[in-house]
Amino acid sequence: MNNDIFIEMECHQFTKAGEFACGDDYQLLRLENENRAIAVLSDGLGSGIKAHILANMTTTMAQRFLRSNMDILQSVETIMDSLPVCQVRKISYSTFSMCDLRVGGKTQVIEMGNPQYIHLRGTLEIPALEKRQIVSERWPDRDVEVYGLRVEPGDRLIFCSDGVTQAGLGRKEFKFGWRRSGELEFIQSLIEKDPNISAKDLAYATAFEAMSLNPNKCADDISCLVIYLRRPRILRVITGPPFHKEHDGDFARLATEGVNDVVISGGTTAKIIERELRKKVKIDLKSVRAGDDLPPLGILPGVGIVTEGILTLSKVCSFLELRAQNAAEMPSGDQIPRAASAVIQRMLDHDWVEFIVGTKVNEAHQDPNLPVELELRRNIVKKLAEVLEKEFRKKVSIRYF
C-alpha cells in the first residue's frame, strides 16, 4: 500500500434485541501489494443465527470473488444460487454492499438491497462517476447497482444495513425511519465538528445513534462500515539496544524522526536514548498505582513514553489477544497495569506500528546456549505484530538494528 495513504476500515454492529448473533456480517481485506482494499457488508434474511449464516456465506463468497476479479454478474448469481432456501418464506436471500477500492485507480461499489453507500470528501457528498444496473436472468427480481468512483486522500465511504436507515420507524418524528438522508446529515455534522474523526469512531457513533432512535430496544440488526483514506498515524516502538554500540546515535535519533508517537520499551534502551538525546526520563507519578505488577510509566519529554521491556510487551500482547477474542477473562481497565494500558491505547490509536528491535542479547533474559532465533525480545515482537495485523487491521513493520 502507498505509504503516504492509509486505508482505515472499521465496522460497528449492534445485535437485534433478544438475539445472540448479529444477522449482519462484514469482512475487510487489505491487499498491500496491489494498492487495494476490499470491504463487504451483508444483511441476512431475518435475524439471529440463520440470518448470520446467510450473511457470512455472502461476505465470504463476495470477498473471494472480488479478490479474484470474477465477473460481477457471475459472482452475484453464484452467491444467490448457493444460499439455502428459507423454509418459511421459500426464498434464499441476503442483501450486500461490496467495495473494491483501488488507490490511484477506479473504485467499484456493488450493491443489492442495502441502502445506497455515501461518499464524502470532507462534508461534501461526491456523486459516482458512473452507474449501471445489471439483472440476472435467473434472479430477475434482484436488481444489482454498480457504481464507478475515484477516491482521494481524505475521502470517506460509508455503508450500512437497513437497520440504520429504518431506525426509529413507527415513531411520530420518524414516520419513514431515519432514512439515508438522516444518516447523511448526522455523519456530516460529526465530520464538521471533528474533521479528523476516525473510521472507528464514526462507525460507532452512527450505529449508536441509529440504535438510540428506538429507545426501548434494538429493533433490528444494525451495522455501519466506514472506510477512511488518510495519512497514516505512525507509532514507533523501540526496544532493545542496538547490536553495535557505535550505532547508538543513529538508533536514538529514530525516537524523534518521522512518527506521531513513540514507545521506548526497556531500561537499557531508555538509557541509551537518554544519553544520546541528552534528555532525562521523568516518572509519571499519576501512573503509580498500588497492585500494578509492572513499573510505572516514564515520560521522555518531546519524545514519548518509557516502559519496562520484555515483561510489559508480553502483557500487552496477552491483553490484545484477549481483547480480540472478546474473552470473558479480559480484565477491566482498572485491572490492567497502567504501563501496559498506555501502550495498548497507543497501538490501537495508530494505523502503523513500527517496531525498532535492537539485536544485542540481554543476558538476563537469554540462555547463551540457545540460538538467536529464540531470543525473547524478537519472539514477543513477532507475536505482537501478528496480533496487530490479523486482529486489529494495523499495518506493522519490524526493523532490526
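Residues numbered from 1 in each chain as written. Predicted model: local features only at pLDDT ≥ 70, side-chain atom pairs only at ≥ 80, totals over all residues. Heavy atoms only, no water.

Spanning 12 residues, helix H9 (residues 338-349) covers 16 Å between terminal C-alpha atoms, matching the ideal 16 Å at 1.5 Å per step. Buried within H9 we find Ala-339, Ala-340, Ala-342, Val-343, Ile-344, Met-347 and Leu-348. Those residues of H9 hidden inside the fold are in contact with strand E12 (234-239), strand E13 (261-265), strand E16 (304-307), helix H8 (310-324), strand E17 (352-357) and helix H10 (376-392). (Helix = DSSP H or I, 4+ residues; strand = E, 2+ residues; numbered from the N terminus. Expected span 1.5 Å × (residues − 1). Buried < 20%, exposed > 50% of the residue type's maximum accessible area, 1.4 Å probe, protein only. Contact = heavy atoms within 4.5 Å.)

Pairing within the open sheet is mixed, and its seven strands lie in the order E14-E15-E16-E13-E12-E17-E18. Lying at the two open borders of the sheet, with one neighbouring strand each, are strand E14 (282-283) and strand E18 (395-400). Both E14 and strand E15 (residues 298-300) contribute to a ladder of two bridges, which runs antiparallel. Note on E15: the bridge partner recorded for Ile-283 is Gly-298. Those strands touched by H9 are E12, E13, E16 and E17, and its axis lies near 140° from that of E16. (Pairing = 2+ DSSP bridges. Axes fitted to C-alpha atoms, helices over the stretch in contact; angles between N-to-C directions.)

This next bit is on the sheet that holds strand E7 (residues 124-125). In a beta sheet, neighbouring strands are held together by backbone hydrogen bonds and run either parallel or antiparallel to one another. Read across the open sheet, the five strands follow the order E1-E11-E10-E6-E7; overall the sheet is antiparallel. Looking at the sheet topology across the chains shown, the edges are occupied by strand E1 (6-14) and E7. As paired strands, strand E10 (residues 155-160) and strand E11 (residues 222-230) are joined by five bridges and run antiparallel to one another. Bridge pairing in E11 links Cys-160 to Cys-224.

To continue, consider the nonpolar core. The biggest cluster of nonpolar side chains holds 32 residues, and the ones touching the most others in it are Val-316, Leu-320, Met-347, Phe-355 and Leu-384. Contributions of two or more residues to this core are made by E12, H8, H9, E17 and H10. Of all hydrophobic cores here, the second largest spans 27 residues; its members include Phe-14, Leu-120, Leu-184 and Ile-222. (Core = buried A, V, L, I, M, F, W, Y, C linked by side-chain atoms within 4.5 Å.)

If you check which residues of helix H7 (residues 267-277) are buried, you get Thr-269, Ala-270, Ile-272, Ile-273, Glu-274 and Leu-277. Among the structural elements, E12, helix H6 (248-253), E13, E15 and E16 are those in contact with the buried residues of H7. Of the residues trailing H7, Arg-278 is marked for its positive phi of about 55°.

This paragraph deals with the pairing of strand E5 (residues 107-112). Within E5, five of the six residues are buried, which leaves the element mostly enclosed by the surrounding structure. Bridge count between strand E4 (residues 94-102) and E5: four bridges; the pairing is antiparallel. Bridge assignment links Ser-97 to a residue of E5, and that residue is Glu-111. Following E4, the chain reverses through four residues before pairing antiparallel with E5; Gly-104 in that reversal takes a positive phi of roughly 85°. Pairing between E5 and strand E9 (residues 143-149): five bridges, direction antiparallel. Note on E9: the bridge partner recorded for Thr-107 is Leu-149.

A few words on the environment of Ser-75. On the secondary structure map, Ser-75 appears in helix H2 (residues 72-82). Sequence separation between Ser-75 and Ala-17 is 58 residues; the distance between their C-alpha atoms is 33 Å. Those residues in contact with Ser-75 that sit more than four places away from it in its chain are Phe-65 and Met-70. One polar contact links the side chain of Ser-75 to the main-chain carbonyl oxygen of Asp-71, over a distance of 2.8 Å. (Polar contact = N/O pair within 3.5 Å; in protein donor to acceptor, adjacent residues only side chain to side chain.)

Considering the arrangement of structural elements, one finds Arg-36 in strand E3 (residues 36-44). Separated by 2.5 Å, the side chain of Arg-36 and the backbone oxygen of Leu-66 make a polar contact. A polar atom in the side chain of Arg-36 sits 2.8 Å from the side chain of Asp-100.

A few words now on unusual backbone geometry. Here the phi dihedral of Arg-179 falls at roughly 65°; this positive angle occurs in a residue that is not glycine. Checked against the element boundaries, Arg-179 lands in helix H4 (residues 179-193). Notably, Arg-278 is not glycine yet its phi reads approximately 55°, a positive angle. Checked against the element boundaries, Arg-278 lands in the loop between H7 and E14.

Quick look at the confidence of the model for the protein chain now. Here the protein chain shows a mean pLDDT of 89. Residues at 70 or above account for 92%. Low confidence marks residues 369-374, where pLDDT is under 50. Its contacts with residues over four positions away, or in another chain, come to five contacts. (pLDDT = per-residue confidence, 0-100.)

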